[in-house]
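# Breakdown of the fold
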Amino acid sequence: MLTEIQLWFTEHPITTNILIYLMWIVLLFLLIGWIRRALKRHLPDNATKYKTQKGVEIIGYIIVVLVTITYFTGSIKDFGLAIGLLTAGITITLQELILSIAGSFYIFFVKVYQPGDRIEINGIKGDVIDIDSIYTTMMEIGEWVSSDNYSGRIVKLSNAFVFKGPVYNYSQDFPFVWDEFNLPIRYGSDMELAKSIVISVAQKHLANYVQESIADWKEVVTKYYIEDAQVDPTLAITMTDNWIQFNLRYIVDYKKRRHTKHILNEEIGKLIQATNGKVILASATFEIVKIPTVQLHNEKNETKNAE
């Protein structure tokens with residue numbers, strides 16, 4: 001039996017080489033899987049486990065490519081020629097796949113984004129929950145849901161999109177955003193009292209964000225060519241035809257934008273009501289004027305009646 005098997009291998013060298021190659025590949029994948037499981041058991045936190053497993057996965061792909069080329073060419077010196085021939089043959093049919101794999105390397109090494117970041121890419125906004133060699137997986141934000149709330153949909157995007165358009169990152173380097181809201185105040189209100197209400201509420205609820213953002217913003221100014229911006233809340237007043245518009249601009253944690261705006265509006269509204277009419281919120285009003293009755297007279301009929 002053993003002699004027959006050896007004879008079959010001798011008579012079919014190509015098949016034998018392919019089987020040996022597949023055996024090596026299977027062993028490599030088993031080894032990679034074992035290393036990932038071992039690291040998962042011994043590493044302390046989820047973030048370190050995730051990054052380490054992704055690193056092992058990428059290294060594994062590189063080793064598989066090198067083994068494949070050296071096995072069929074016989075020498076690592078033929079690496080460039082083999083890659084050139086391989087690329088020429090599959091570039092057209094596997095263009096999107098190649099871009100996706102290249103995008104995964106670009107995301108990993110350049111750190112365009114990472115799991116936990118909130119990004120917007122290809123018109124889709126959400127929190128990154130996974131990045132593999134082909135897809136970026138996101139928990140979607142927005143769509144039919146107002147503000148920055150989860151819609152509940154899981155979105156998979158090709159990593160190739162990092163080369164095709166802008167990537168908006170809400171949390172990298174500077175995990176804060178500037179937000180604002182407008183407050184219409186009726187003419188005749190106590191302006192100084194209104195300003196003191198808005199500023200006091202802003203300082204009370206935004207002081208922590210200001211303090212936390214100062215150090216991060218200094219790092220951004222040092223790292224990038226950008227002017228130093230003001231992180232303290234600012235109040236701008238505009239006179240309109242209908243009311244005096246208060247515009248409050250402030251910095252806030254990108255994940256607490258909606259909640260912070262709710263707190264500011266709620267407390268400012270309560271304090272304005274407590275002024276007993278000294279400060280009144282304005283609203284657009286329209287007055288409908290009654291159209292007068294128009295009486296039409298026929299001159300010919302009036303002439304006949306007079307005769």
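Every value quoted in this text rests on a predicted model; they were computed, and no experiment measured them.

## Points about the packing of helix 6 (residues 191-223) against helix 7 (residues 257-273)
Helix packing geometry: the angle between the two helix axes and the distance between the axes. Relative to each other, helix 6 and helix 7 sit at 150 degrees, their axes nearing to 9 Å. Between helix 6 and helix 7, the angle falls in the class roughly antiparallel. The element helix 6 and its partner helix 7 pack so that their crossing is right-handed. From helix 6, Ile197, Val198, Val201, Ala202, Lys204, His205, Leu206 and Tyr209 reach across to helix 7, where they touch Thr260, Ile263, Leu264, Glu267, Ile268, Leu271 and Ile272.

## With respect to the pairing of strand 7 (residues 234-239)
Side chains on a regular strand alternate between the two faces of the sheet. Inspection of the sheet shows strand 7 paired to strand 8 (residues 244-253) by six bridges, in the antiparallel sense. Within strand 8, the residue paired with Met239 across the bridge is Ile244.

## Focus: the pattern of salt bridges
What the rule picks out here adds up to seven salt bridges. Among the salt bridges present, the one from Arg257 reaches Asp179, with a minimum N-O distance of 3.3 Å. Taken as a pair, Arg257 in helix 7 and Asp179 in strand 6 (residues 176-185) lie far apart in primary sequence, 78 residues in all. In this structure, the salt-bridge partner of Asp179 is Lys261, at a minimum N-O distance of 3.7 Å. Pair noted here: Asp179 is in strand 6 and Lys261 is in helix 7, with a separation of 82 residues, a long-range link.

## Describing the sheet that holds strand 8
If you trace the three strands from one edge of the open sheet to the other, you get 6-8-7, paired in antiparallel fashion. The open sheet terminates on both sides in strands that have one partner only, identified here as strand 6 and strand 7. Each strand of the sheet is rotated relative to its neighbour by a mean of 20 degrees, with strand direction disregarded. This element, helix 6, spans strand 6, strand 7 and strand 8 of the sheet and lies at about 20 degrees to strand 8.

The rules we used
- Residues numbered from 1 in each chain as written.
- Predicted model: local features only at pLDDT ≥ 70, side-chain atom pairs only at ≥ 80, totals over all residues.
- Heavy atoms only, no water.
- Axes fitted to C-alpha atoms, helices over the stretch in contact; angles between N-to-C directions.
- Helix = DSSP H or I, 4+ residues; strand = E, 2+ residues; numbered from the N terminus.
- Parallel < 35°, antiparallel > 145°, perpendicular 65-115°, else oblique.
- Left-handed = near helix turned anticlockwise from the far one by under 90°.
- Contact = heavy atoms within 4.5 Å.
- Pairing = 2+ DSSP bridges.
- Salt bridge = Lys/Arg side-chain N within 4 Å of Asp/Glu carboxyl O.

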